Protein chains: 2
Amino acid sequence: MSPNFIHTYVSVDCVVFGFDHENQLNILLVQRRLDDFPKEKQKKLPGSLILSDEDVDDAAQRVLYELTGIKKMVLKQFKCFADPVRASNQEDIKWMGKEYEHDIDRIITVAYLSLCKIDHKINSTKYDTVDWCPIDKVPTLPFDHNKIINESLTEIRKWIESDFSIIFELLPKKFIIRQLYQLYSALSEKQIDIKNFHKKISSFNYIIPLEEIETNVSHRAARYYKFDAKIFKKNNTKLIK
Amino acid sequence: MSPNFIHTYVSVDCVVFGFDHENQLNILLVQRRLDDFPKEKQKKLPGSLILSDEDVDDAAQRVLYELTGIKKMVLKQFKCFADPVRASNQEDIKWMGKEYEHDIDRIITVAYLSLCKIDHKINSTKYDTVDWCPIDKVPTLPFDHNKIINESLTEIRKWIESDFSIIFELLPKKFIIRQLYQLYSALSEKQIDIKNFHKKISSFNYIIPLEEIETNVSHRAARYYKFDAKIFKKNNTKLIK
């Protein structure tokens, strides 16, 4: 007898990060459509089974479009989650049966990271409710979605480590250095001295000071800066830094 | 009618890198067992369908053990390949039917990187033939294995960029700086000056000079070094370097 090979559905799930005005990382959560769930159990990561003629990256791009109405979002595949019991919860099985009209007992998922400016208007073509949720207030979610979110935090750090330009996807087009510092601090695992940070940043020729300062603030008005992607790309990356 | 969702087999494929005495990156290839293939068509990446009670990382660890006889090899999942036509070649379909005793028309695969010292004895429990193949001499392989190998080169660079200790998995326990330089050059996309390299390396306190030099060489005998993983781990990593 031949071994018992997995024959399964495959989904994509997307962790979309944003950075709010309270200097917190947020992620986008949607609501399950099943009516008989108590409301507090309905949140989940946006995702979908992939179609029979679809590649995974295309499926993730489709999910992001259905979620936000934005056509080309940056995205990065980060991990396939395939724990044999990740979809064995009875409520999850029931929900999948209703959502997909298929009996599904095992499902593997390919997880993606994406980034969105938090002020961008969200126009979902699929979900009634799409909400930003601060990363430290994420409730218990179905499947292994909490695990996926935990691992995505490590991945977003690695992503920015390997490509620092990514961090600017989370900031407004013009920003003050304090915002960049606070975002960097939220992403980093350890405390960074603000003076050293300023010194380091001022050595980066792709962070351009603008002729504009904050208005209507009670503290000393700070200068706005912008990120210049072209100058950034000219800087060569090396294996040893 | 509900959409046509993928319902499929899932495999893992492993790209195992080694570094040979001619200073070339090599990968491990195996041979297909189907007798009626001409021999030159039988090479492929080592891989397997995953079992119904198996997680993908466990499947990759199993493939690596069946391939080399080594129990715990470093491994890193790097990408899920899911092009709808990646397994539509007739010969590939025929081979899958014989190998797995299932009719398979679509298959997605999760690709892994691994590293092996090239002098390590290979004791495959599954394959009759396991060969090191220089990376620039890889023949045309089945499925999208050539594409997987191409992308794995970018991934191994990123891996070493994010964790430089990984490079020492490819070197003998004691090595000379020229070997490290040549391996680094093989992995890097651009030429590095050897003098700058020496200077940089000598600033790394985790590369320890030994009281031993080369013997029986026609050139000036070079000193051996070893890598100290404990000292390396003490060095903090930062987002901005």
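Residues numbered from 1 in each chain as written. Chains lettered and ligands numbered in written order. Predicted model: local features only at pLDDT ≥ 70, side-chain atom pairs only at ≥ 80, totals over all residues. Heavy atoms only, no water.

Colleague: Quick question: what am I supposed to make of the environment of Thr154 of chain A here?
Modeller: All names here are of chain A. Topologically, Thr154 is positioned in helix H3 (residues 145–162). Judged by its relative accessible area of 39%, Thr154 falls in the partly exposed class. Sequence separation of Thr154 and Leu187 is 33 residues, and the distance between their C-alpha atoms is 8.9 Å. (Helix = DSSP H or I, 4+ residues; strand = E, 2+ residues; numbered from the N terminus. Buried < 20%, exposed > 50% of the residue type's maximum accessible area, 1.4 Å probe, protein only.)

Colleague: Explain the domain arrangement of chain A here, please?
Modeller: Size of an interface, as often reported, equals the accessible area lost when the parts are brought together. All names here are of chain A. Entries for chain A in the domain assignment read domain 1 (8–162) and domain 2 (174–235). For domain 1 versus domain 2, the distance between C-alpha centres works out to 30 Å. Contacts between the two partners involve 6 residues from domain 1, matched on the other side by 7 residues from domain 2. When the buried surface of domain 1 facing domain 2 is broken down by residue, Phe19, Asn23 and Arg157 rank first, second and third, together holding 68% of it. The interface formed by domain 1 and domain 2 holds 0 salt bridges in total. Applying the counting rule to domain 1 against domain 2 returns 2 residue pairs in polar contact (both at pLDDT 80 or more). Take the side of domain 1 that touches domain 2: its biggest share by element is 3 residues, from H3. Residue classes in the side of domain 1 that touches domain 2 are distributed as 4 nonpolar, 1 polar and 1 charged. (Domains from an automatic or database assignment. Contact = heavy atoms within 4.5 Å. Buried area = accessible area lost by both parts, 1.4 Å probe. Salt bridge = Lys/Arg side-chain N within 4 Å of Asp/Glu carboxyl O. Polar contact = N/O pair within 3.5 Å; in protein donor to acceptor, adjacent residues only side chain to side chain. Nonpolar A, V, L, I, M, F, W, Y, C, P; charged D, E, K, R; others polar.)

Colleague: What is the right way to look at the interface of chain A and chain B in this model?
Modeller: In this complex, chain A contributes 47 residues to the contact, which on the side of chain B involves 47 residues. For the pairing of chain A and chain B, the buried interface totals around 4,500 Å² over both sides, and the portion due to carbon and sulfur atoms is 60%. One can count 0 salt bridges joining chain A with chain B. Linking chain A with chain B are 14 residue pairs in polar contact (both at pLDDT 80 or more). Only strand E1 (7–19), strand E5 (75–81), strand E6 (107–115), H3, helix H4 (177–187) and helix H5 (194–202) of chain A provide two or more residues apiece to the side of chain A that touches chain B. Counted by class, the side of chain A that touches chain B contains 22 nonpolar, 10 polar and 15 charged residues.

Colleague: Would you mind showing me how to read the relation of the copies chain A and chain B here?
Modeller: These two copies of the chain differ by a rotation about an axis and a displacement along the same axis. The two copies are related by a screw motion: chain A maps onto chain B through a turn of 180 degrees and a shift of 0.0 Å along the axis, at an RMSD of 0.0 Å. When the rotation and shift are considered jointly, the pair of chain copies conforms to a two-fold rotation axis. The position closest to the rotation axis in chain A is occupied by the C-alpha of Thr8 of chain A, lying 2.6 Å away. Both copies contact each other with a shared surface, as 100% of the interface residues of chain A are interface residues in chain B too. (Least-squares fit on C-alpha atoms with pLDDT ≥ 70 in both.)

Colleague: Hey, could you run me through the side chain of Thr109 of chain B in this one?
Modeller: All names here are of chain B. Tracing the backbone through its elements, the reader meets Thr109 in strand E6 (residues 107–115). Among the residues examined, Thr109 registers a relative accessible area of 0% and is labelled buried. Here Ser11 takes part through its side chain, which lies 2.7 Å from a polar atom of the side chain of Thr109. Reaching out from Thr109, the side chain makes a polar contact with the side chain of Asp13 at a distance of 2.7 Å.

Colleague: In this structure, what is going on with the pattern of salt bridges? I would like to understand it.
Modeller: Side chains that differ in sign of charge can pair as their charged atoms come close. In the structure shown here, the tally under the stated rule is 18 salt bridges over all chains. For the salt bridge of Glu151 of chain B with Lys79 of chain B, the shortest nitrogen-to-oxygen distance reads 3.0 Å. Highlighted residues: Glu151 of chain B in helix H3 (residues 145–162) and Lys79 of chain B in strand E5 (residues 75–81), separated in sequence by 72 residues. Take Glu151 of chain B: its relative accessible area is 24%, and that puts it in the partly exposed class. Note that Glu155 of chain B is salt-bridged to Lys158 of chain B, the shortest N-O span being 3.6 Å. Taken together, the positions of Glu155 of chain B and Lys158 of chain B, both in helix H3 and 3 residues apart, correspond to about one turn of that helix. Overall, Lys158 of chain B belongs to the partly exposed group, its relative accessible area being 35%. Salt bridges linked by common partners bring Glu54, Arg62, Glu66 and Lys126 of chain A together as one network.

Colleague: Can you help me understand the packing of aromatic side chains in this one?
Modeller: Aromatic ring pairs are described here by two measures, namely the spacing of the ring centres and the angle between the planes. Across all of its chains, the model carries 26 aromatic pairs over all chains by this definition. Between the aromatic rings of Phe78 of chain B and Phe81 of chain B, the centroid separation amounts to 6.2 Å while the plane-to-plane angle is 80 degrees, which identifies the pairing as edge-to-face. Residue Phe78 of chain B is classed as buried on the basis of its relative accessible area of 9%. Ring geometry for Phe164 of chain B and Tyr184 of chain B: centres 6.5 Å apart, planes at 70 degrees, overall edge-to-face. With Phe164 of chain B in the loop between H3 and helix H4 (177–187) and Tyr184 of chain B in helix H4, the pair connects residues that are 20 residues apart, well separated along the chain. Using a relative accessible area of 4% as the deciding quantity, one classes Tyr184 of chain B as buried. Through pairs of rings, three or more aromatic residues link up here, namely Phe164, Phe168, Phe175, Tyr181, Tyr184, Phe197, Phe204, Tyr206, Phe227 and Phe232 of chain A. Of note, Lys79 of chain A hangs over the ring of Phe81 of chain A, and the distance from its end group to the ring centre comes to 5.1 Å. (Phe/Tyr/Trp six-rings, centres within 6.5 Å; stacked < 30°, edge-to-face > 60°. Lys NZ or Arg CZ within 6 Å of the ring centre and 35° of its normal.)

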